[in-house]
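An overview of the molecular structure
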Amino acid sequence: MELSRWLHDRTGAYDWSHTSSAAAELEGTRGQLQDKEMRLRSSIMQILKCDFEQVNITSPVLLPLADCVISVSILDVISKNEDEYMKNLEKIIKLLKPGGQLLLFSLLDATYWVAGAERFHCFKCNEEFVKNAFVKLGLVIDYCAVQRRRNISDIIDYKAFLFIVGCKGE
């Protein structure tokens, strides 16, 4: 529901500008931020719920293999340990066609996030672990950048934000 509100630019939708800003800064395209966000909105065809307990995480919908999958901090919050992280990452990679790219945004050294009065677990990982996971699961790393945390918040603890692009082998 929240993504749909953002997609249709509804009043009160969650403001993702901090994420867009971080990505634009890494690309060096900060001046094109609004244009990029409008293009992103117009390119989204469908919003699906994912259930990582299922073999097909988009079940009951069976999607064609994708050229590109974007994952933003999901593995950090759903994985309790290294094994779960690897299994969940593998499920995401299965959505890609050969030659497809995974764009992964991840929090480094995070341990918790807060929603309302509840505090939730984050899987604490570092850049080396994520890179090794990509390679172990057959992704060739095309790009990797780390941006150190600049703001302080009681909502989440992390040291840096990782952006990594991997290409699935043919």
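What this report covers is the structure whose coordinates are included nearby. Quick caveat: nothing in here was measured; it's all calculated off a predicted structure.

**Concerning unusual backbone geometry**
- A cis amide bond links Ser-59 to the next residue, Pro-60, at an omega of 10°.
- For Pro-60, the position within the fold is in the loop between helix H3 (33-43) and strand E1 (66-72).
- For Ser-73, which is not a glycine, the phi torsion comes out positive at approximately 60°.
- Within the secondary structure, Ser-73 is located in the loop between E1 and helix H4 (74-78).
- Using a relative accessible area of 16% as the deciding quantity, one classes Ser-73 as buried.
- Of note, the phi angle at Asp-109 is positive, near 60°, even though the residue is not glycine.
- One can find Asp-109 in the loop between strand E2 (96-108) and strand E3 (112-115).
- Residue classification places Asp-109 among the partly exposed residues on the basis of a relative accessible area of 23%.

**Brief notes about the sheet that holds strand E4 (residues 118-121)**
- With antiparallel pairing, the 3 strands of this open sheet are ordered in space as E4-E3-E6. Lying at the two open borders of the sheet, with one neighbouring strand each, are E4 and strand E6 (156-157).
- Here E3 runs beside E4; their pairing, made up of 4 bridges, is antiparallel. In the sheet register, Ala-115 faces E4, and the bridge partner there is Glu-118.

**Quick look at the packing of helix H5 (residues 82-93) against helix H6 (residues 127-136)**
- Orientation of H5 relative to H6, taken along the N-to-C sense of each, is 50°, at an axis distance of 11 Å. Looking at the two axes, H5 sits oblique to H6. Considering only the axes of H5 and H6, their crossing is right-handed. Contact with H5, carried on its side by Glu-82, Tyr-85, Met-86 and Leu-89, involves Phe-129, Val-130, Ala-133, Phe-134 and Lys-136 of H6 and no other residues of that element.
- Looking at the contact of H5 with H6 residue by residue, the classes come out as 7 nonpolar, no polar and 2 charged.

Definitions and cut-offs
- Along each chain, numbering runs from 1 in the same order as the chain's sequence is written.
- Only residues with pLDDT of 70 or above have their local features reported here, since the model is predicted, and side-chain atom pairs are shown and tallied only from 80 upward, although totals for entire chains, interfaces and linings are computed over all residues.
- The side-chain figures draw on all heavy atoms in the structure; neither hydrogens nor water molecules are used.
- Labels follow the DSSP assignment, with helices taken as runs of H or I lasting at least four residues and strands as runs of E lasting at least two, numbered in each case from the N terminus.
- Between buried and exposed lies partly exposed: a residue is buried under 20% and exposed over 50% of the maximum accessible area for its type, with that area taken using a 1.4 Å probe on protein chains only.
- Only when DSSP finds a minimum of two bridges between them are two strands counted as paired.
- Fitted lines through C-alpha atoms serve as axes, helices being fitted only where they are in contact, and the angles separating the N-to-C directions of these axes extend from 0 to 180 degrees.
- Roughly parallel refers to an angle under 35 degrees, roughly antiparallel to one over 145, roughly perpendicular to one between 65 and 115, and oblique to any angle outside these ranges.
- Two helices crossing with the near one rotated counterclockwise from the far one by less than a right angle form a left-handed crossing, whereas a clockwise rotation gives a right-handed crossing.
- Between two residues, a contact is recorded if the distance between any of their heavy atoms is within 4.5 Å.
- In the scheme used here, Gly and all other residues not listed as nonpolar or charged are polar, with Ala, Val, Leu, Ile, Met, Phe, Trp, Tyr, Cys and Pro taken as nonpolar and Asp, Glu, Lys and Arg as charged.

Taken by themselves, the reported measurements are silent on function.
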